[in-house]
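# A structural walkthrough
Listed below are the residues making up each chain.
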Amino acid sequence: PPRSTLFPYTTLFRSFRKASADLVVADLPYGVQHGSHAAGRAGGERRAPARNPVELLRAAAPAWAKTLRPGGALGISWNTLVVRREQAAEALAAAGLEVLDSAPYHAFRHRVDQAITRDILIARAPRDLCRYLPASAISSRMRAGGRCCS
């Protein structure tokens, strides 16, 4: 049976098996009241919270992408008053995801309150995820069929 589990920390995705999830959904910090600590510690001291969630997105997107199965989807929401849509799309594309950017995917933006305008981006993992998997994980049958995972 399907199960749903919420993981509050992006670093937990590193412990998931590669190409094991069909869907990842994330609601980024809005950068209004609370910040993120995407970069961790610098020089042994705790960094001040980053007010710009794009730093967190750039750090998290590669782990999320590796967790997705071929054709799996990632959905994120964020505050467009803090991070531009183009910045969020670039971070996802840099992680190897295909950002779905046609007209229907631009219809989600809406105002939440004075300091937050929320938007949603949907991205898809490519059908061929061989680049994410170690050679030992790719069977000859998968290579012959042109797909790394089923």
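Structure shown above.
From a predicted model like this one, the values you see are computed outputs, not experimental measurements.

## Topic: the overall build of the protein chain
Check the secondary structure of the protein chain and you find 3 helices and 7 strands. Starting at the N terminus and walking to the C terminus, you meet the elements of the protein chain as β-β-β-α-β-α-β-β-β-α. Burial analysis of the protein chain (150 residues in total) assigns 36% to the buried set. Considering only residue pairs separated by 6 or more positions, the protein chain has 67% of its internal contacts joining residues 24 or more positions apart.

## Observations concerning the environment of G96
Here G96 lies in the loop between helix 2 (85-94) and strand 5 (98-99). With 35 residues separating them along the chain, G96 and A61 place their C-alpha atoms 8.9 Å apart.

## Observations regarding the nonpolar core
Ranked by size, the top nonpolar core spans 26 residues in total, and within it L57, W64, L74, I76, L92, L97 and L121 carry the most contacts. Those elements giving two or more residues to this core turn out to be strand 1 (21-27), helix 1 (53-67), strand 4 (68-79), helix 2 and strand 7 (116-124). For this core, the element with the highest residue contribution is helix 1, accounting for 7 residues. Not counting chain neighbours up to four residues away, the residues in contact with L97 comprise A65, L68, L74, L92, A123, R124 and A125.

Rules and cut-offs
Residues numbered from 1 in each chain as written. Predicted model: local features only at pLDDT ≥ 70, side-chain atom pairs only at ≥ 80, totals over all residues. Heavy atoms only, no water. Helix = DSSP H or I, 4+ residues; strand = E, 2+ residues; numbered from the N terminus. Buried < 20%, exposed > 50% of the residue type's maximum accessible area, 1.4 Å probe, protein only. Contact = heavy atoms within 4.5 Å. Core = buried A, V, L, I, M, F, W, Y, C linked by side-chain atoms within 4.5 Å.

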